[in-house]
Amino acid sequence: MDALPTATAAVLDRDGLQALIEALAARGFRVCGPVVRDAAIVYDEISGVADLPAGWTDRQAPGRYRLERRADQALFGFAAVPQAWKRFLHPPVETLWRVRQGEDGMLFSSAVETAPRYAFLGVRACDLRAIAIQDRVFCADDCRDDAYERRRRDAFIVALNCSEAGDTCFCVSMGTGPRAEGAFDLALTELLDASRHEFLVEVGSAAGEELLAGLPRRTATEPDRAAAASVVARTAGRMGRSLETAGLQELLESNPEHPRWDEVAERCLACANCTMVCPTCFCTTLEDHSDLSGGSAERVRLWDSCFTLDFSYIHGGSVRQTDKGRYRQWMTHKLATWFDQFGSSGCVGCGRCITWCPVGIDITEEAAAIRATPHIQGGDHG
Amino acid sequence: MVAPDPFLPQPYRVERRRRELVGAVTLELAPLVGARPDFAPGQFNMLYVFGVGEVAISLSGDAERGTTFVHTVRNVGAVSGALTRLEVGASVGVRGPFGRGWPLTGAEGADLLLVAGGLGLAPLRPALYAILARRERYGRVLIMVGSRSPEDILYRRELEHWRRRPDLEVLLTVDHADADWHGHVGVVPALIPHAGLDPARTLALVCGPEVMMRFAANALLAAGIGPGRIHLSMERNMKCAVGQCGHCQFGPFFVCKDGPVLGLDRIGGILAVPEI
Ligand SMILES: Cc1cc2nc3c(=O)[nH]c(=O)nc-3n(C[C@H](O)[C@H](O)[C@H](O)COP(=O)(O)OP(=O)(O)OC[C@H]3O[C@@H](n4cnc5c(N)ncnc54)[C@H](O)[C@@H]3O)c2cc1C
Ligand code: SF4
Ligand code: SF4
Ligand code: FES
């Protein structure tokens, strides 16, 4: 593992982290970070270090998630939380516009509300990449979602180099972690041992630099940087899962009739959990409602999933009638056709879909099974 | 001119309404403000009926003439049904035009074969208008239209009129003939082997139900036409029309923005696989 880049870096202690949160709040950001709620760690508004899940970790496995106490007081000693930052940047429900019947015809007006300026504290490497992947969906050259772009532009990102990997993590295979790379303002690495509890802070933007300058801190030394690098290296060595990605796109795109799809369909409940927890899944549906008087109506956009029957409905019946067709759409999209559409994988290896699958279906295992006996050609249905 | 917010419909008004077939009408829509945007043959709009919903409907009028959007809609459900019931003067929300249409630029010198099944003639009609506007630039122009029965032939008067043109070959076929029918009986792909097509020169534009397009594609390939010269207008569920809702995915393609017209060289492999 390389040493961390020699960007501007400083070291904060817990009070320094508290000052960071307060400085963000003072600049008008709504600061969101991990908190313990309903037996899980979730991202929500925080006002200080005391809100963070000190001393908690999560134990994740296919179909299982449980919080446990840690032996130490780590603030970021857990892996991917059930819901990523997606729900802030790409909200699950959003009213797009309202319309009323005027004298001459319909009058449409945008109903997109101005979101708060968010500061995200603790954006793990995989989730940082997931945000970059969603940027490509919503800020495409040919069509931009202005509201998404505004939320995104306004967000202040404090990334996190992971100190803990879960049993379902495989970011190393996907090249997305455990070190946060890409667009962040500041990046933290938690340095915790018997002698200290500190955070190495690296600067990723001018806004980050400006913020850091006002915090109680000390300059990072070579040993601090080395300690941070070894945290990341240790995490990289503890991946619960791995996925062979070489040639994966061609493998999946040329095996739509592999018998494994039938086999996994027998286990899959088509519950859509995997798509709801996935930090890159972007699909939505649009619903039109009118009020009881019929004088006005609105359009609402909601998260949707390719696992529903309605998703592919066209007159005469849904295109993907079977669980096989829908599971294949999901996995092929994540690992293969995403490259055609957006130039990267649609999977960042966060492991959420494995943890939150009620029957523990594992995307890495399914891909490996197809790799084990590839090139079974589909029948000719022309 | 595309509206600044791609999600926000623009208000239009029904200028003219014409009943085409049982359950199918043609609407001419005029913008309440400004002029209608330009469109290319094969593109579509999203049409919104107040409080009911929004659906994808092809542009079926002449792209180079007129100040309205012309749409032919068949009543198959809630939104399309509401569209067919709109009267002159009614208000409609329009987003569009969207998508990539027929590859007519660069087709100069080619023989053109238009293959339509049922309402699939609607998105092909603007292509035909464009071709006829500069007829001398193309070789043979054939149009094959399949319908369920003689009463289901869309734009029948126009087709009869075109049939009398010496520079246009119009072949009509029906699944179920009546006593007065003297034309072909059978599915439209069955006409392809007998058309005497020159495979090296022919460019085929196909629109109809997906099964019909699959058979037509196979018949065209069998006639020696290369997959890069066969273009199909695909249909998938559509919500956003701008590549962001995911509904219209067809393998690697977003039918709304990569299509709806896609070359068989790109989709041949997945077209044969059920449920893609
Ligand atoms: C590119 C394109 C061009 C089209 N051009 C025409 C045209 O020119 N004339 C015409 O009559 N029809 C056309 N259609 C089909 C038309 O969009 C559907 O008939 C219509 O969506 C049915 O909606 P509904 O609410 O009436 O029916 P329902 O059966 O109630 O459908 C419910 C919902 O499912 C979706 N849906 C159902 N069928 C289709 C479908 N075939 N394609 C896409 N989404 C569907 C819609 O979101 C619809 O609101 C086109 C479709 C596409 C994709
Ligand atoms: S597919 Fe699974 S592992 Fe990959 S990004 Fe989505 S939830 Fe995470
Ligand atoms: S996997 Fe399914 S829900 Fe997720 S982005 Fe792809 S089509 Fe949409
Ligand atoms: S219709 Fe939404 S992505 Fe194509």
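Just so it is clear, the model here is predicted, and its values are computed rather than measured. (Residues numbered from 1 in each chain as written. Chains lettered and ligands numbered in written order. Predicted model: local features only at pLDDT ≥ 70, side-chain atom pairs only at ≥ 80, totals over all residues. Heavy atoms only, no water.)

K.L.:
Would you mind going over the confidence of the model for chain B in detail, with residue names and values included?
P.N.:
Within chain B, residue pLDDT values average 96, and 99% of them lie at 70 or more. Taken together, the chains of this predicted complex give a pTM of 0.95 and an interface ipTM of 0.94. (pLDDT = per-residue confidence, 0-100.)

K.L.:
Explain the sheet that holds strand E3 (residues 44-49) of chain B residue by residue, including any values.
P.N.:
All names here are of chain B. With antiparallel pairing, the 6 strands of this open sheet are ordered in space as E4-E3-E6-E1-E2-E5. If you trace the sheet from one side to the other, it starts and ends with strand E4 (53-58) and strand E5 (69-74), each paired once. The sheet shows a mean angle of 40 degrees between the axes of neighbouring strands, direction not considered. (Pairing = 2+ DSSP bridges. Helix = DSSP H or I, 4+ residues; strand = E, 2+ residues; numbered from the N terminus. Axes fitted to C-alpha atoms, helices over the stretch in contact; angles between N-to-C directions.)

K.L.:
With reference to specific residues and values, describe the side chain of Ser-305 of chain A.
P.N.:
Residue and element names in this part refer to chain A. Turning to its location among the elements, Ser-305 is positioned in the loop between strand E14 (296-303) and strand E15 (313-314). One polar contact links Ser-305 to Thr-275, side chain to side chain, over a distance of 2.8 Å. When sequence neighbours within four positions are dropped, the list of residues in contact with Ser-305 reads Ala-272, Thr-275, Met-276 and Phe-311. (Polar contact = N/O pair within 3.5 Å; in protein donor to acceptor, adjacent residues only side chain to side chain. Contact = heavy atoms within 4.5 Å.)

K.L.:
Just give me the short version of the site of ligand 3, but keep the residues and values in it.
P.N.:
Surrounding ligand 3, one finds Thr-275, Cys-281, Phe-282, Cys-283, Cys-306, Gln-329, Trp-330, His-333, Lys-334 and Trp-338 of chain A together with Gln-249 of chain B. Each of chains A and B places residues next to ligand 3. No other element matches the 5 residues that helix H11 (residues 323-342) of chain A contributes to the shell around ligand 3. In the shell around ligand 3, the residues fall into 6 nonpolar, 4 polar and 1 charged. (Near = heavy atom within 4 Å. Nonpolar A, V, L, I, M, F, W, Y, C, P; charged D, E, K, R; others polar.)

K.L.:
Could you give an account of the site of ligand 1, with specific residues and numbers?
P.N.:
In the neighbourhood of ligand 1, 23 residues make up the surrounding shell, with His-315 of chain A together with Ala-56, Arg-74, Ser-80 and Glu-235 of chain B lying closest. In this structure ligand 1 sits where residues from chains A and B come together. Here an oxygen atom of ligand 1 and a backbone polar atom of Gly-77 of chain B are 3.4 Å apart. Compared with its free state, where it exposes 820 Å², ligand 1 has 88% of that area covered by protein. Looking at the shell around ligand 1, the elements with two or more residues in it are E15 of chain A together with E4, E5 and helix H1 (78-84) of chain B. Top contributing element to the shell around ligand 1 by residue count: E4 of chain B, with 4 residues. (Areas by Shrake-Rupley, 256 points an atom, 1.4 Å probe, with all protein chains shown as cover.)

K.L.:
Would you mind going over the domain arrangement of chain B in detail, with residue names and values included?
P.N.:
Residue and element names in this part refer to chain B. With domains assigned, chain B is organised as domain 1 (10-98) and domain 2 (105-236 + 245-271). The C-alpha centroid of domain 2 is placed 23 Å from the C-alpha centroid of domain 1. Contact residues are listed per partner, giving 17 residues for domain 1 and 19 residues for domain 2. Put simply, domain 1 and domain 2 have 1 salt bridge between them. In this structure, Arg-134 engages Glu-64 in a salt bridge whose closest nitrogen and oxygen atoms are separated by 2.7 Å. The interface formed by domain 1 and domain 2 includes 4 residue pairs in polar contact (both at pLDDT 80 or more). Examining the composition of the side of domain 1 that touches domain 2, we find that 3 residues originate from one element, E5, more than from any other. Broken down by class, the residue content of the side of domain 1 that touches domain 2 amounts to 7 nonpolar, 6 polar and 4 charged. (Domains from an automatic or database assignment. Salt bridge = Lys/Arg side-chain N within 4 Å of Asp/Glu carboxyl O.)

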